[in-house]
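A closer look at the structure
One letter stands for each residue in the lines below.
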Amino acid sequence: MSDMITADLVDLDLSADTKEAAARALAERMVALGRVTDLDGFLADVAAREAQMPTGLDGGIGIPHCRSTHVTEPTLAFGRSAAGIDFGAPDGPADLVFLIAAPAGADDAHLTILSSLARQLMNSEFTDALRSAGDAATAAALIRGDETPAGRAETAKTAGSASSASGASGTASATGASSGAEGAGATGDSAGASQNTAAAPAAASAGTAAATGDAAPEAAGRPFRIVAVTSCPTGIAHTYMAAESLENAGREAGVELVVETQGSAGFTRLDPEVIAAADGVIFAHDVPVREKDRFAGKPTVDVGVKAGINRPADLIGEVRAKAARGEVTSGSAPATPVERAGEAGEGYGTKLRKWLMSGVSYMVPFVAAGGLLIALGFAIGGYEIKSAPSVLNHFVWTQTDSWAALMFQIGAVAFGFLVPVLAGYIAYGMADRPGLVPGFVGGMIASTINAGFLGGLVAGLLAGGVVMAIQKINIPAVLRGVMPVVVIPLVSSAIVGFLMFVVVGKPIASAQKGMTDWLNGLSGSNAILLGALLGLMMCFDLGGPVNKVAYTFATAGIAVSNPSDSAMKIMAAVMAAGMVPPLAMALATTVRGKLFTETERENGKAAWVLGASFISEGAIPFAAADPLRVIPSSMVGGAITGSLSMAFGATLRAPHGGIFVVPLIGNPFLYLIAIAVGVCVSTALVVLLKGMRKPAQQTQAGGSAADRAATAKEAKQPVAA
């Protein structure tokens, strides 16, 4: 930390009476040393961070901080106020003020040091030593962790303790960060050391989890286990102070507590075995917890990050009380592909699938909105509406054709974003925010040269790969502040643009044209077989990757202003097949309700609406409970519906909507018959397969009717959520 704070950055007689004046006084010292290039711009960034959440902490501490493009290198300034300055802490003014300035592209080593300082601030010996420091050099040495000047033995002793803590934390944290970068495909957690050290006993305990089962911790003769996640908007100070506070409180309470700090330099995921063995979870955060679904099904306390700093013992008590009452969280919705950016040990194929699904998941809303608007325009004004003049120059409020043209033209604009969004968010899934600019640029080029969705896929992968390569280059400290704002967008966009225009664009455009021509030439048995294949894919994983591949293939064909007849037939077949599984499960629970549990019968009522709306996920509860019977039955019905839809020549211009867009379907009566046939086939199969299982269940259950009634009663006991 020797280059981050010097005596020139210390003011032991800070005379400011407001937090704004205090920040200005300390920032002026940074400007004088060339650490900040624009005083007012930097103070605006500090004020913006302060507006998100006050930075005052209990114990008389204020830590204004921010990441700013006006900072040339990570810098720390310290001020001591005799009168105290209000930073919004519950216990009153702060007399110790730390102004932390990090460049927008600060590297992991510097963020590690800053996070180590944040942890030291929870140490009363460290803060007492700062309050008693007699000169600026002594205070700076204390913060750096250096030896203090001779003649101050007591201060030196205190500073030595702070130095050991800081050195251990900083060194090990850097190791944690490196490990995270290698294992997770992202920069590791700045406070990896503390996390990994604390994780050791919990990991060891996790090994014996099988032996203790689900018994209460006290009954199993082991400590109560807690896993926690801390995060704040900037990810420099509060994140690590909350972690330190929770760890200290956990030691005092005699519990095993492991913290995952999701800081500005990324994070290292807790070992899944540690999470599985935990008895409770604490979230102390002011930004969304990444991959929150990992912690589902456990007693959980969810609070702001300041609560983790100010009242950690209360949080531990709350989660123990919830565990005693049996309260657990329900399973949360799966994280988006971007939120689940590569985990340790994943193969390239798995990462590639997540990157592609990232782009698709962000593209689908554009497909739905644009496609439905275009379809409504056609429904109101007829297919000739695509030749209408721009509504910017010709719009009559009382004419339906004007409204039809308006819907069509808005939808066409929305469709224009499909390929850029696909490419941009594939790159985002690979390289986070730095990948957005080259991804969107590459996607727009793909649209310009008629490379279509294939071009968007390639552009997104190229953009993500280029940014990841640039991020691995060792950049001089003076350039780090401008890397994410200027250098990475400029260089990556130029490289991706060159590759798309000059190298790969033309071959991809030719391949896209060839695929389009092939689709246009489909007829007879080939079209029917394609419908069956798409139907199987739509029903295989009910909204999963295979389902999304089929859906994306269909929407790619209609995502143009003038789609071919074959493309609209494919879209119709895909939507029809996707409606079959939930409708079949709904019908099965109606005609043979005794084959299903009470919960499944309730889910069946909702499945009517979900299936009619083309939401295949409505069948997931049934597939999860009995996959070997539900999924094959759904696939057979979906394949029949897909092939019949193609055989009947049904067409669809809208990418979504279910029965609500029937007026927009070509041959709607035969289309509904195709759906009905597939639903009946799937229903018959699932009822048959479940009926064959029933006698075996009864024989296996045995016992009296009273025993079965007792079992049913036990199964209906509610679980607190």
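Let us look at the structure shown here. (Residues numbered from 1 in each chain as written. Predicted model: local features only at pLDDT ≥ 70, side-chain atom pairs only at ≥ 80, totals over all residues. Heavy atoms only, no water.)

**Here we look at a nonpolar patch on the surface**
A surface patch of nonpolar side chains, amounting to about 550 Å² of accessible area, comprises L479, V482, V485, V486, L490, V491 and I495. You can see V482 is positioned in the loop between α18 (452-471) and α19 (483-520). Among the residues examined, V482 registers a relative accessible area of 34% and is labelled partly exposed. (Patch = residues over 30% accessible without salt bridge, like charges linked within 9 Å, V, L, I, M, F, W, Y side chains within 5 Å. Areas by Shrake-Rupley, 256 points an atom, 1.4 Å probe, with all protein chains shown as cover. Salt bridge = Lys/Arg side-chain N within 4 Å of Asp/Glu carboxyl O. Helix = DSSP H or I, 4+ residues; strand = E, 2+ residues; numbered from the N terminus. Buried < 20%, exposed > 50% of the residue type's maximum accessible area, 1.4 Å probe, protein only.)

**Let's talk about unusual backbone geometry**
Its identity is not glycine, yet E291 carries a phi of approximately 55°, on the positive side. Mapped onto the fold, E291 is located in the loop between β9 (280-285) and β10 (300-303). Using a relative accessible area of 0% as the deciding quantity, one classes E291 as buried.

**Some points on the pairing of strand β5 (residues 75-85)**
In terms of residue burial, β5 counts as a mostly covered element, since eight of its 11 residues are buried. Sheet topology note: the strand β1 (residues 10-11)/β5 ladder contains two bridges and is parallel. By the bridge assignment for β5, D11 is matched with G79. Bridging between β5 and strand β6 (residues 94-103) involves seven bridges; their strand directions are antiparallel. Bridge pairing in β6 places F78 opposite F98. (Pairing = 2+ DSSP bridges.)

**Thoughts on the pattern of salt bridges**
Counted by the stated rule, this structure contains 19 salt bridges. Residues R294 and E291 are paired through a salt bridge, measuring 3.5 Å at the closest nitrogen-oxygen approach. Among the ionic pairs, R325 bridges to E327, the shortest N-O distance being 2.7 Å. Exposure remark for R325: the relative accessible area of 52% places this residue in the exposed category. Three or more residues are tied together by salt bridges with common partners; here these are E260, R269, E291 and R294.

**A few points about the sheet that holds strand β8 (residues 256-261)**
Pairing in this open sheet of four strands is parallel, and the strands run β8-β7-β9-β10 from one edge to the other. If you trace the sheet from one side to the other, it starts and ends with β8 and β10, each paired once. Between one strand and the next, the sheet's axes are offset by a mean angle of 15°, whatever the strand orientation. Two elements, strand β7 (residues 225-231) and β9, share six bridges in a ladder whose sense is parallel. Bridge pairing links A228 to I282 in β9. Along the sheet face, helix α10 (residues 238-253) touches β7, β8 and β9 and points at about 175° away from the line of β8. Strands in contact with helix α13 (residues 312-325) are β7, β8, β9 and β10; relative to β10, the strand with the most contacts, it is inclined by about 145°. (Axes fitted to C-alpha atoms, helices over the stretch in contact; angles between N-to-C directions. Contact = heavy atoms within 4.5 Å.)

**Notes on the side chain of T127**
Turning to its location among the elements, T127 is positioned in helix α4 (residues 124-132). Not counting residues up to four positions away in its chain, the partners in contact with T127 are I61, L96 and L121.

**A few points about the packing of helix α22 (residues 565-591) against helix α23 (residues 598-612)**
For the pair α22 and α23, the least separation of the axes is 8 Å and the interaxial angle reads 140°. Taken together, the axes of α22 and α23 lie oblique to each other. Handedness of the crossing formed by α22 with α23: left-handed. The segment α22 lies against α23, with M579, P582, L583, A586, L587, T589 and T590 engaging E600, R601, G604, A607, W608, G611 and A612. The residue inventory of the contact of α22 with α23, partitioned by class, reads eight nonpolar, four polar and two charged. (Parallel < 35°, antiparallel > 145°, perpendicular 65-115°, else oblique. Left-handed = near helix turned anticlockwise from the far one by under 90°. Nonpolar A, V, L, I, M, F, W, Y, C, P; charged D, E, K, R; others polar.)

**Remarks on the packing of helix α16 (residues 418-431) against α18**
As a packed pair, α16 and α18 sit with axes 8 Å apart at the nearest point and diverge in direction by 30°. Here α18 runs roughly parallel to α16, going by the angle between their axes. The crossing of α16 and α18 is right-handed.

**Description of the packing of aromatic side chains**
Within the structure shown, the criterion is met by 11 aromatic pairs. Residues F395 and W397 carry aromatic rings whose centres are separated by 5.6 Å and whose planes lie at 80° to one another, so their mutual orientation is edge-to-face. Exposure remark for W397: the relative accessible area of 66% places this residue in the exposed category. Ring geometry for Y551 versus F614: centroids 6.0 Å apart, planes at 55°, classification tilted. In this pair, Y551 is assigned in helix α21 (residues 545-558) and F614 in the loop between α23 and α24 (620-625), connecting sequence segments 63 residues apart. (Phe/Tyr/Trp six-rings, centres within 6.5 Å; stacked < 30°, edge-to-face > 60°.)

Note that all results are geometric; they support no functional claim without further evidence.
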